Amino acid sequence: KKRTNCYYNRNRNYETNFLCTRRSFEEFQKTLTRSNDVFATFKQEMNKMSKTIKKLEKENLTWKGKHEQTSKSMFTMAEELRNSKNRNEKLEKLCRLCSWKTKTVASRLLI
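The rules we used
Residues numbered from 1 in each chain as written. Predicted model: local features only at pLDDT ≥ 70, side-chain atom pairs only at ≥ 80, totals over all residues. Heavy atoms only, no water. Helix = DSSP H or I, 4+ residues; strand = E, 2+ residues; numbered from the N terminus. Rg over C-alpha atoms; globule rule 2.2 N^0.38 Å. Buried < 20%, exposed > 50% of the residue type's maximum accessible area, 1.4 Å probe, protein only. Areas by Shrake-Rupley, 256 points an atom, 1.4 Å probe, with all protein chains shown as cover. Lys, Arg positive; Asp, Glu negative; His and termini not counted. Charge placed at Lys NZ, Arg CZ, Asp CG, Glu CD. Salt bridge = Lys/Arg side-chain N within 4 Å of Asp/Glu carboxyl O. Patch = residues over 30% accessible without salt bridge, like charges linked within 9 Å, V, L, I, M, F, W, Y side chains within 5 Å. Disulfide = S-S within 2.5 Å.

## Observations concerning the overall build of the chain
Next up, step 1: The helix and strand tally for the chain stands at one helix and zero strands.
Next up, step 2: Its C-alpha radius of gyration of 47 Å places the chain more than 25% over the 13 Å reference for a compact globule of 111 residues.
Next up, step 3: If one aligns the C-alpha atoms of the chain with their principal axes, the spans along those axes are about 160 × 15 × 10 Å.
Next up, step 4: Counting over 111 residues, the chain shows a buried share of 0%.
Next up, step 5: Total accessible area on the chain is roughly 11400 Å²; 59% of this is exposed by carbon and sulfur atoms.
Next up, step 6: For the chain, the distance from the average position of its 27 positive side-chain charges to the average position of its 12 negative side-chain charges is 2 Å.

So this is what it looks like as structure tokens:
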């Protein structure tokens with residue numbers, strides 16, 4: 001009878017341990033499943049972010065190219081403006097000279 005009680009108690013302890021272990025294992029599986037879901041979501045978000053970064057890098061290159069073109073155009077226009085001002089100044093000097101000569105010749109003719 002003592003042996004039977006001993007086996008019975010031992011069997012109960014095993015069952016209790018088994019149930020605890022089973023619950024722990026089930027909780028572990030749930031946690032692992034949640035972890036896998038989080039990882040999968042993270043991976044999807046990283047892929048989306050990767051695509052967005054590639055798109056933005058292409059856009060950045062496009063804007064850099066446009067900026068370089070605009071800078072070159074502005075430099076060219078500044079050079080043309082400088083040249084135009086120089087030509088304008090030379091023409092004004094020529095006009096003054098011609099005007100002066102015309103006045104001089106006219107005054108000599110009238111004398």
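After that view of the structure, there is still more to cover.
## Concerning the pattern of salt bridges
Next up, step 1: For the coordinates displayed, the defined rule picks out three salt bridges.
Next up, step 2: A salt bridge links E79 to R82, with the nearest nitrogen and oxygen atoms 2.5 Å apart. Of the two residues, E79 and R82 both sit in helix α1 (residues 2–110), three residues apart, roughly one turn of that helix.
Next up, step 3: Look at E79 and you get partly exposed, because its relative accessible area is 28%.
Next up, step 4: For the salt bridge of R96 with E92, the shortest nitrogen-to-oxygen distance reads 3.6 Å. Here R96 and its partner E92 are both found in helix α1, four residues apart, which amounts to about one turn of the helix.

## Description of a nonpolar patch on the surface
Next up, step 1: There is a patch of nonpolar side chains on the surface, built from L91, L94, L97 and W100 and spanning about 430 Å² of accessible area.
Next up, step 2: Examined against the element boundaries, W100 turns out to sit in helix α1.

## Looking at the state of the cysteines
Next up, step 1: Tallied over the entire structure, the rule returns zero disulfides.
Next up, step 2: The structure places no disulfide on C98, whose sulfur is separated from the nearest cysteine sulfur, that of C95, by 6.6 Å.
Next up, step 3: With relative accessibility at 46%, the residue C98 sits in the partly exposed group.

## Re the environment of N60
Next up, step 1: Within the fold, N60 resides in helix α1.
Next up, step 2: Along the chain, N60 and E26 lie 34 residues apart, while their C-alpha atoms are 50 Å from each other.

## Describing the environment of K90
Next up, step 1: With respect to the helices and strands, K90 occurs in helix α1.
Next up, step 2: Take K90: its relative accessible area is 59%, and that puts it in the exposed class.
Next up, step 3: Separated by 17 residues in sequence, K90 and S107 place their C-alpha atoms 25 Å apart.

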